[in-house]
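Here are the chains, one letter per residue:
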Amino acid sequence: MVPFQIVISFLSFVALSGITPGPANLTSLATSLQYGRKPALRQWLGLISGCITDAFVSVVIVYFLGTALNAYVKYLSFVGVAYLVWMAVHMLKADYNSESEEVKAPGFWRGYFLQLTNVKVILTCITALSSYILPVSQSFPVILFFGVLLGIIQPGCNLVWLFTGVALQRFFIKYRRIVNIVMALALLACAVSLLLVPFIS
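The model shown is predicted, which means the values in this text are computed figures rather than measured ones.

> Explanation requested: the packing of helix 2 (residues 23–35) against helix 9 (residues 140–167) in the structure shown.
When two helices pack together, their arrangement is captured by the angle between the axes and the distance separating the axes. It is the contact of helix 2 with helix 9, at a shortest axis distance of 7 Å, that shows an interaxial angle of 25°. In terms of orientation, helix 2 and helix 9 fall into the roughly parallel class. The interaxial crossing formed by helix 2 with helix 9 has right-handed handedness. Between helix 2 and helix 9, the residues in contact are A24, N25, L26, S28, L29, S32 and L33 and C157, N158, W161, L162, T164, G165 and V166, respectively. A class-by-class count of the residues in the contact of helix 2 with helix 9 yields eight nonpolar, six polar and no charged.

Right, dumping it as structure tokens:
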């Protein structure tokens, strides 16, 4: 049985981690700004599927290996950095004169791959489970239950960013080049922060 105060701390940690800027949140915002709600929601289905995959893998790692592999998770940062830089460059090079934006709009698989390489989500899942749940319960069903919560709460936070983008779409249409530069710089800032993880951990 997991104490109530541990559950509250766990949920607070996951919600705060999920709502802060990160690759998935920034991509949800940028996609909804540029393409609108439907393409952004298609991409979000990939994000939630990728997050559930990350959460399940984290459950297995925490249950079978405890915190032994935590020190190695940071090296996944390099994969995430490469993908973030690619997305930032892609955003800066977007051709706004094309009439086929709907065809080029990101979809399920882009969202899924982004979440699989999202070190922020992986670290959040492993940290939350190993720091809050593992010390009070080593039961696989209990760890799996909280893993499922991780797979739901974080994509829920993505929706906040997605619908913020939908609400600001008219602003984006007027200032799309400036907004894309800001979003690209934000993604690059995420990439730099991931590179710093080995030095601050």
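> Sorry if this is basic, but what is going on with the environment of L159 here?
Residue placement: L159 occurs in helix 9. Separated by 134 residues in sequence, L159 and N25 have C-alpha atoms that sit 8.2 Å apart. Residue contacts for L159: discarding those within four places in its chain leaves L41 and W44.

> When you look at the side chain of K120 in this model, what are you seeing that I'm missing?
By the element assignment, K120 lies in helix 8 (residues 119–133). The buried charged residue K120 lacks any salt bridge, with D54 as its nearest oppositely charged partner at 12 Å. Once residues lying within four places of it in the same chain are set aside, the contact partners of K120 are S17, G18, T20, P21, G22 and N25.

> Looking at this structure, how should I read the state of the cysteines?
A covalent bond between the sulfur atoms of two cysteines is referred to as a disulfide. The final tally for this structure, using the stated rule, is zero disulfides. Distance from the sulfur of C51, which forms no disulfide, to the nearest cysteine sulfur (C125) is 5.4 Å. Residue C51 is classed as buried on the basis of its relative accessible area, which comes to 0%. With no disulfide of its own, C157 lies 9.4 Å from the sulfur of C51, the closest cysteine sulfur.

> Looking at this model, I keep getting lost on the packing of helix 2 against helix 3 (residues 37–65). Mind explaining?
Closest axis-to-axis distance for the helix 2/helix 3 pair is 7 Å, and the angle between their directions is 155°. Comparing the axis directions of helix 2 and helix 3 gives the class roughly antiparallel. Here helix 2 runs over helix 3; the crossing is right-handed. When helix 2 is examined against helix 3, the residues A24, T27, S28, T31, S32 and Y35 are found in contact with a partner set consisting of R37, P39, A40, Q43 and L47. Considered class by class, the residues forming the contact of helix 2 with helix 3 number five nonpolar, five polar and one charged.

> What's the story with the confidence of the model for the protein in this structure? I'm lost.
Detailed reading of the predicted coordinates is not advisable wherever pLDDT is low. Residues with a pLDDT of 70 or more make up 81% of the protein, whose mean pLDDT is 80. Residue range residues 96–103 is modelled with pLDDT below 50. Its contacts to residues more than four positions away, or to other chains, number 13 contacts.

> Please clarify how the environment of T164 should be interpreted in this entry.
Here T164 shows up in helix 9. Separated by 135 residues in the primary sequence, T164 and L29 have C-alpha atoms spaced 6.8 Å apart. A polar contact is formed between the side chain of T164 and the backbone oxygen of V160, at a distance of 2.7 Å.

Parameters at a glance
Counting starts from 1 at the beginning of each chain's written sequence and moves along it residue by residue. At least 70 in pLDDT is required for a residue's local features to be given in this predicted model, at least 80 for side-chain atom pairs to be given and counted, and no such filter applies to totals for whole chains, interfaces and linings, which use all residues. In computing side-chain values, all of the structure's heavy atoms are included and hydrogens and water are not. Interaxial angle, 0 to 180 degrees, is taken between N-to-C directions of lines fitted to C-alpha atoms, where a helix line uses only the stretch in contact. Numbering of helices and strands starts at the N terminus; helices are DSSP runs of H or I of at least 4 residues and strands are runs of E of at least 2. Orientation categories follow fixed angle ranges, with anything under 35 degrees roughly parallel, anything over 145 roughly antiparallel, 65 to 115 roughly perpendicular, and all other angles oblique. We call a crossing left-handed when the near helix sits turned anticlockwise from the far one by less than a right angle, and right-handed when that turn is clockwise. In this analysis, two residues are considered to be in contact whenever any of their non-hydrogen atoms come within 4.5 Å of each other. Amino acid classes used here: Ala, Val, Leu, Ile, Met, Phe, Trp, Tyr, Cys and Pro are nonpolar; Asp, Glu, Lys and Arg are charged; the rest, including Gly, are polar. Burial classes follow relative accessibility: with a 1.4 Å probe on protein chains only, a residue under 20% of its type's maximum area counts as buried, one over 50% as exposed, and anything between as partly exposed. A residue counts as positive if it is Lys or Arg and as negative if it is Asp or Glu; His and the chain ends are not included. The salt bridge criterion pairs a side-chain nitrogen of Lys or Arg with a carboxyl oxygen of Asp or Glu, the two atoms within 4 Å. A pair of cysteine sulfur atoms is labelled a disulfide when the two atoms are within 2.5 Å. Every residue carries a pLDDT, the predictor's confidence in it, which falls somewhere between 0 and 100. For this analysis, a polar contact is any N or O atom pair within 3.5 Å, provided that within protein one partner can donate a hydrogen and the other can accept it, and provided that sequence-adjacent residues contribute only side-chain to side-chain pairs.

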